[in-house]
Amino acid sequence: MTRLLALTLAALTATAAWSQELVDKGFAEGWNIMMDPALGNGCLIQTVYEDLSVVRIGYDALNNRGYFTVFNKAWGDIEQGQSYPIRFELDGKSFDATATGFKLDRVPGATVFFTDRNFVNAIAQNRTMTVYNPAGETVMAIDLKGTAKALEYARDCQNKKL
């Protein structure tokens, strides 16, 4: 019961967080650097890909954790608060995770929270990220070019240097 309550609270927190305005902190290597007041002024990077997927990698300062979020209008079957097992690869290294569904202005998306700060470094040190659904089908594949530099700026933002 406690785990269910925690998952529900996490989903509600994520939904509320993405419904507020972000504060622009600059632009680096194809990524916007932003701060999210709803997440305790946690900093993040965000970009839009050719398929109109919006990707965010950031820090939830309220809960002392990081997150990776993707939303796309084409993902109409994602449900608010629903958990989705996913697998993703960083340059061929595979990771299993659970994504939580949400809607931002009626646009469906999913987020993965993590507490291991080294995971951000792993993202930054790789060239590609591919996300798979439970059936093993590719959900999306993104080029991580420029991510390392953008995350460096996000760290500066988080350390209040921006």
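All of the points below concern the structure found in this document. (Residues numbered from 1 in each chain as written. Predicted model: local features only at pLDDT ≥ 70, side-chain atom pairs only at ≥ 80, totals over all residues. Heavy atoms only, no water.)

## A closer look at the nonpolar core
Step number 1: Val55, Phe68 and Met129 are the most contacted members of the largest nonpolar core, which totals 35 residues.
Step number 2: The leading source of residues in this core is helix α2 (residues 118–124), at five residues.
Step number 3: Every residue in contact with Val55, bar those within four places of it in the chain, is listed here: Trp31, Ile45, Gln46, Thr47, Tyr49, Phe68, Thr69, Val70, Met140 and Ile142. (Core = buried A, V, L, I, M, F, W, Y, C linked by side-chain atoms within 4.5 Å. Buried < 20%, exposed > 50% of the residue type's maximum accessible area, 1.4 Å probe, protein only. Helix = DSSP H or I, 4+ residues; strand = E, 2+ residues; numbered from the N terminus. Contact = heavy atoms within 4.5 Å.)

## Looking at the side chain of Arg56
Step number 1: Position of Arg56 relative to the elements: it lies in strand β4 (residues 54–60).
Step number 2: A distance of 2.4 Å separates the side chain of Arg56 from the side chain of Gln46, its partner in a polar contact. (Polar contact = N/O pair within 3.5 Å; in protein donor to acceptor, adjacent residues only side chain to side chain.)

## Side note on the side chain of Asp60
Step number 1: Its place among the elements puts Asp60 in strand β4.
Step number 2: Taking the relative accessible area as the measure of exposure, Asp60 reaches 0% and is therefore buried.
Step number 3: Within the local environment of Asp60, its side chain forms a polar contact with the backbone nitrogen of Leu62, the two atoms lying 3.1 Å apart.
Step number 4: Those residues in contact with Asp60 that sit more than four places away from it in its chain are Leu39, Arg65, Tyr67 and Phe113.

## Details of unusual backbone geometry
Step number 1: Positive phi, close to 55°, is recorded for Glu29, a residue that is not glycine.
Step number 2: Residue position: Glu29 is located in the loop between β1 (23–28) and β2 (31–36).
Step number 3: The phi dihedral of Asn41 is positive, around 65°, even though this residue is not glycine.

## Remarks on the sheet that holds strand β6 (residues 83–90)
Step number 1: Spatially, the ten strands line up as an open sheet ordered β1-β2-β3-β4-β5-β8-β7-β6-β9-β10, and their pairing is antiparallel. Edge positions in the open sheet fall to β1 and β10 (138–143), since each of these has one partner strand only. Between one strand and the next, the sheet's axes are offset by a mean angle of 25°, whatever the strand orientation.
Step number 2: In terms of strand pairing, β4 meets strand β5 (residues 65–71) through seven bridges, oriented antiparallel. By the bridge assignment for β5, Ile57 is matched with Phe68.
Step number 3: On the sheet, helix α3 (residues 147–158) packs against β1, β2, β3 (42–48) and β4 and is oriented at approximately 150° with respect to β3. (Pairing = 2+ DSSP bridges. Axes fitted to C-alpha atoms, helices over the stretch in contact; angles between N-to-C directions.)

## Some words on the pattern of salt bridges
Step number 1: The final tally for this structure, using the stated rule, is three salt bridges.
Step number 2: Notably, a salt bridge pairs Arg87 with Glu89, separated by 2.8 Å at the nearest N-O pair.
Step number 3: Accessibility expressed as a relative area gives 26% for Arg87, which makes it partly exposed.
Step number 4: Taking the shortest distance from any N to any O, the salt bridge between Lys149 and Glu152 comes out at 3.4 Å. Remark: Glu152 and Lys149 occur in helix α3; sequence separation between them is three residues, near one turn of the helix. (Salt bridge = Lys/Arg side-chain N within 4 Å of Asp/Glu carboxyl O.)

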